[in-house]
Each structure stands twice: as structure tokens, then as C-alpha cells.
Amino acid sequence: MSDVVIRAENLGKRYRIGERERYLALRDVLARTLKAPWRLLGANGSNSNHRPQHIWALKDVSFEVREGEVVGIIGRNGAGKTTLLKILAQITRPTEGYAEVRGRMGTLLEVGTGFHPELTGRENVFLSGAILGMSKAEIDRKFDEIVAFAEVEKFIDTPVKHFSIGMRMRLGFAVAAHLEPEILLVDEVLSVGDINFQKKCLGKMGDVAQGGRTILFVSHQMNQIRRLCQRALWIEDGEIRAGGPAKLLVNEYEASSLADAEVTAGEAGASIAFGRWQVESSGTNVLDLDHTPERIIIKFQARVITPIRKGQYFITLRDGNNTIVWSKLHCDLRLDPGSMTLVHEFESLPLLPGAYTWSVGVNDGHRWFDFVLAPELSIVSKDDAHVYGHLRGFLNLASELRVEVDGATRPTAVEAWQ
């Protein structure tokens, strides 16, 4: 159909294990020529154990993406997600099948992809725009916006080889998102940036999507997939295991990952494995502090594999910077094999809005077993903290300021300005 902008048919990519792509110099050609008779003798002999081994990074992958769709690609490390994007971006060729992309494409697959290290940031911006087919006037109109978004104003005339990883990532994303591509391919590179820049990137990707452009987005952050994508593809062992609405597919993927974690825990000799968790009031991982009941209830599903006597259980909540904001230890637990729910009740959780991570640990009397629970806890609330990031702290406490002079209340400076 005419509105299909990405089509993949039976894509496959095979790699030879241990093989490196390299340029052939004259000495390499001469060396191969001299070794050829010996390789022939070896092939006719009993040297069959040294046959090359291959691995299929992708196998029989077919799908279509329509204009304006935002599609998430999920799967474990090594599933083939990045290989797929590299084929679509024409960075690598498929071994079999074909991929067709219609439209001007922007890519952010690795930190600094497409940047020449000897060129300055300014020169790389114009080079990237020229590669996308943009005129100098078009790039000029976007240049200040790109530099401001990337927060590299002071360094824009410095060679990119002197940029930090975070600076290259910020400039790379700014170039890819602002130079008006019709199709945007984004790999898991946003994890390099700090939490505030990640939020800004996600906001920009949302703006690009609302502008009717097509996005393929690889991420291990399932909340980002839920937020941005209408549809998702689940890749496992180089093949598409499933596809469908993003929220439903992410839930299925997380359930499968937790089930696998339970099997792994049992094989490792763990006494307990944790499964899904949820905020009771919403039934999801979202806690809206502005519309919450009097008590906050968090439920954790668990399965006890072997009996636990006099066990110790600790739970920890960490913010986006991996800093502990709350933790607690429970002792002398007695748990019998079977499924159960561990319920935590809080009178309040006055935390800043953002993403948080639960981690739990269990001591069965012999050793500790640690679990990091997914998805992240997403806290939504009015932000009452300090406007400067380095002074914000952890707590989100609403307060009122009153000035009293001789027992009489005077207007504050803010009230006087209104």
C-alpha cells in the first residue's frame, strides 16, 4: 500500500563467528597467495574440525510500518534489534531477504554515528544535513535550535573527538531529531545521557511523532515504549516472536521475562522468585499522588520455591540516579512453598515525580538472593521542589510561606507581585 514506508521481507543476517571485517592490503593478498597450497592440503586432509561456524543474528523477519507510526522494538540483549536497524539504515547488508525504506531517514544507532572525529561540532551538523539532502539554508534555520537542545554552545567549534560520550550523544540526537527526517531510527542510546536530558529527548520524540513522522525505537525501558509507541515488535533469537499494541505486548514481554527469572532463580538454588508488582489504586506501575486514596498500597507477587525459616527480607526504592530514597528490613519471616502476595502499605510517599526502581533481597538462612523488579515505579504529581536541579533533594513536600510582623500577617513577595 502507498502509506507503507518501511517493508521487510524474510530478512536474514548471518555472521561468521570470529570473523572481522577488514581492508585488504597488498601484504594480505601476497600472504594469502603463499598460504593457498597449504590451505588446500588442509582441506583435503582430516582438518574438518576447523570449519567456520556461523550464527544468524536475524532470521526470516518480515513486517511493515506505515507512515506516521511509532513502533517500539523490544527484546533481550543479543536478540537482533540493533542488527535490524542497521540493515534498515543501510549500514550493513542482509544475507537474505530485502528491506525497503521510503523517505528521508535520520538515525541514532550508536553514540556519534555519522560524525567525523576531526571535524568540529558545527561542521558535523552541516555534514549530517547535507547527507540527508538538506540545503544550507534549511540547516541554517535549524542550527541554533540544534545547538541549544544539545547544550553544547561553548564547544560547537571544537573537534568532536574532544567531546565526551554524553556530549556526542546529545549532539547526535539533536541532529537526528531536528533535521526534519521523515523516518527516525533510534537505538538504545538515550541511557548514556542524564535523566533530565532523557526526558527532553523523549519529549522531542513525542513532538516528532505528533508531526506525522515515522519512528522505530529500540529500548529496554518498557515505560518509554508504553509512553511513545502505538505498536511494538518483540524480537527473540533473531526472529519476531510477536507484534501488536505496545502496552499489551510490553505486559506480555515483562510477564515472560519474570517467568524466565523464576526458572533461573530455581535453577540457581534460590528459595524465592518475585513476579509482577502493582500499585493497588491504579493496577499498574503508575502512582498518581495527586489522585490517590488515603493509604498507598503496593503489592508484590512472589513464589516461594523451598521453605524459608527465620528469613530476612529487605526492600529498597531507588531514584533515577540509583540513589536509595527508602529501604526497610523485615526479620524472622516464615514462608512455605507456593504463590503469595507481599503487601506494603504507606501513609504517604512524598517523592518527586519521575521514575523509581524497586529492588528486594531475601536471606533464606544461608545466602542472599537479590531481585530488581520491573517495570519502574512511575510517580506522577505536582512538582513542589526547588527549581534548580542540584538543590531539589528527594522529597516533594507542599508548603506555604507566611510572613508575620508584630503578630500580623504581611503579604509575601510573591503575593505582592500578583
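Preceding block: the structure.
Residues numbered from 1 in each chain as written. Predicted model: local features only at pLDDT ≥ 70, side-chain atom pairs only at ≥ 80, totals over all residues. Heavy atoms only, no water.

Peer 1: Run through the overall build of the protein, naming residues and quoting values.
Peer 2: What the protein contains, in helices and strands, is nine helices and 20 strands. Within the protein, the proportion of its 418 residues that are buried is 39%. Across the protein, every contact between residues at least 6 apart in sequence was considered, and the portion connecting residues at least 24 apart equals 72%. Of the roughly 24000 Å² that the protein leaves accessible, carbon and sulfur atoms contribute 50%. (Helix = DSSP H or I, 4+ residues; strand = E, 2+ residues; numbered from the N terminus. Buried < 20%, exposed > 50% of the residue type's maximum accessible area, 1.4 Å probe, protein only. Contact = heavy atoms within 4.5 Å. Areas by Shrake-Rupley, 256 points an atom, 1.4 Å probe, with all protein chains shown as cover.)

Peer 1: Before we move on, can you summarise a nonpolar patch on the surface with the specific residues and values?
Peer 2: A cluster of nonpolar side chains, Tyr15, Ile17 and Ile55, forms an exposed patch at the surface whose accessible area comes to about 270 Å². Tracing the chain through its elements places Ile55 in strand β2 (residues 54–66). Exposure remark for Ile55: the relative accessible area of 46% places this residue in the partly exposed category. (Patch = residues over 30% accessible without salt bridge, like charges linked within 9 Å, V, L, I, M, F, W, Y side chains within 5 Å. Salt bridge = Lys/Arg side-chain N within 4 Å of Asp/Glu carboxyl O.)

Peer 1: Provide a residue-level description of the nonpolar core, including the pertinent values.
Peer 2: Formed by 47 residues in total, the largest nonpolar core has its most connected members in Leu171, Ile215, Phe217 and Ile225. When residues of this core are assigned to their parent elements, the largest contribution, eight residues, is made by helix α5 (residues 165–178). Core analysis: the next-biggest nonpolar cluster, separate from the first, contains 31 residues, Val304, Leu317, Leu351 and Leu377 among them. (Core = buried A, V, L, I, M, F, W, Y, C linked by side-chain atoms within 4.5 Å.)

Peer 1: Talk me through the environment of Gly393; I want residue IDs and the actual numbers.
Peer 2: Locating Gly393 in the fold gives a position in the loop between β18 (377–380) and β19 (403–405). As for Gly393 and Leu352, which are separated by 41 residues in sequence, their C-alpha atoms are 8.6 Å apart.

Peer 1: Any details on the sheet that holds strand β8 (residues 231–236)? Residues and values, ideally.
Peer 2: The mixed open sheet is built from six strands, whose spatial order is β5-β6-β7-β3-β8-β9. Either end of the sheet is taken by a strand with one partner, and the two such strands are β5 (105–108) and β9 (239–245). The mean inter-strand angle of the sheet, taken between neighbouring strand axes irrespective of direction, is 15°. (Pairing = 2+ DSSP bridges. Axes fitted to C-alpha atoms, helices over the stretch in contact; angles between N-to-C directions.)

Peer 1: With reference to specific residues and values, describe the pattern of salt bridges.
Peer 2: Under the defined criterion, the tally for this structure stands at 15 salt bridges. Between Arg7 and Glu100 there is a salt bridge, and its shortest N-O distance comes to 3.6 Å. Taken together, the residues span a long stretch of sequence, with Arg7 in strand β1 (residues 4–16) and Glu100 in strand β4 (residues 96–101) at a distance of 93 residues. Accessibility expressed as a relative area gives 27% for Glu100, which makes it partly exposed. Because the salt bridges share partners, they merge into one network encompassing Arg7, Glu64, Glu100 and Arg102.

Peer 1: Any chance you could break down α5 for me, citing the residues and the numbers?
Peer 2: The end-to-end C-alpha distance of α5, which contains 14 residues, comes to 20 Å, matching closely the 20 Å that a straight helix rising 1.5 Å per residue would cover. Among the 14 residues of α5, twelve are classified as buried, and the element is accordingly described as predominantly covered. Buried residues of α5: Gly166, Met167, Met169, Arg170, Leu171, Gly172, Phe173, Ala174, Val175, Ala176, Ala177 and His178, and no others. Of the residues that open α5, the one with a side-chain oxygen 3.2 Å from the backbone nitrogen of Met167 is Ser164. Immediately beyond the C-terminal end of α5, within one or two residues, lies Glu180, with a positive phi of roughly 55°. (Expected span 1.5 Å × (residues − 1). Polar contact = N/O pair within 3.5 Å; in protein donor to acceptor, adjacent residues only side chain to side chain.)

Peer 1: Can you tell me about the sheet that holds β2, naming the residues and giving the values?
Peer 2: An order of β2-β1-β4 is seen for the three strands of this open sheet, with the pairing classed as antiparallel. Every interior strand has two partners, whereas the edge strands, β2 and β4, have only one. Going across the sheet, the axis of each strand differs from the next one's by a mean of 20°, ignoring polarity.

Peer 1: So, the pairing of strand β14 (residues 324–335): which residues are in play, and what are the values?
Peer 2: Relative to β14, strand β13 (residues 308–318) is paired through eight bridges, and the arrangement is antiparallel. Note on β14: the bridge partner recorded for Thr316 is Ser327. Hairpin connection of β13 to β14: five residues between the antiparallel strands, including Asn322 at a positive phi of 65°.

Peer 1: Account for the packing of aromatic side chains, naming residues and giving values.
Peer 2: A full pass over the atoms with the stated rule returns ten aromatic pairs. Relative to Tyr313, the ring of Phe274 has its centre 6.3 Å away and its plane inclined at 20°; by these criteria the two rings are stacked. Of this pair, Phe274 sits in strand β10 (residues 272–279) while Tyr313 sits in strand β13, and the two are 39 residues apart along the sequence. As far as the burial class goes, Phe274 and Tyr313 line up, both buried. Look at Trp326 and Trp358: their rings are 6.4 Å apart centre to centre, the planes differ by 90°, and that puts the pair in the edge-to-face class. Of this pair, Trp326 sits in strand β14 while Trp358 sits in strand β16 (residues 354–363), and the two are 32 residues apart along the sequence. What makes Trp326 partly exposed here is its relative accessible area of 25%. Overall, Trp358 belongs to the buried group, its relative accessible area being 0%. Counting every residue linked through ring pairs, the aromatic cluster contains Trp277, Phe300, Trp326, Phe346 and Trp358. Note that Lys59 overlies the ring of Trp56, its terminal NZ or CZ placed 4.0 Å from the centroid. (Phe/Tyr/Trp six-rings, centres within 6.5 Å; stacked < 30°, edge-to-face > 60°. Lys NZ or Arg CZ within 6 Å of the ring centre and 35° of its normal.)

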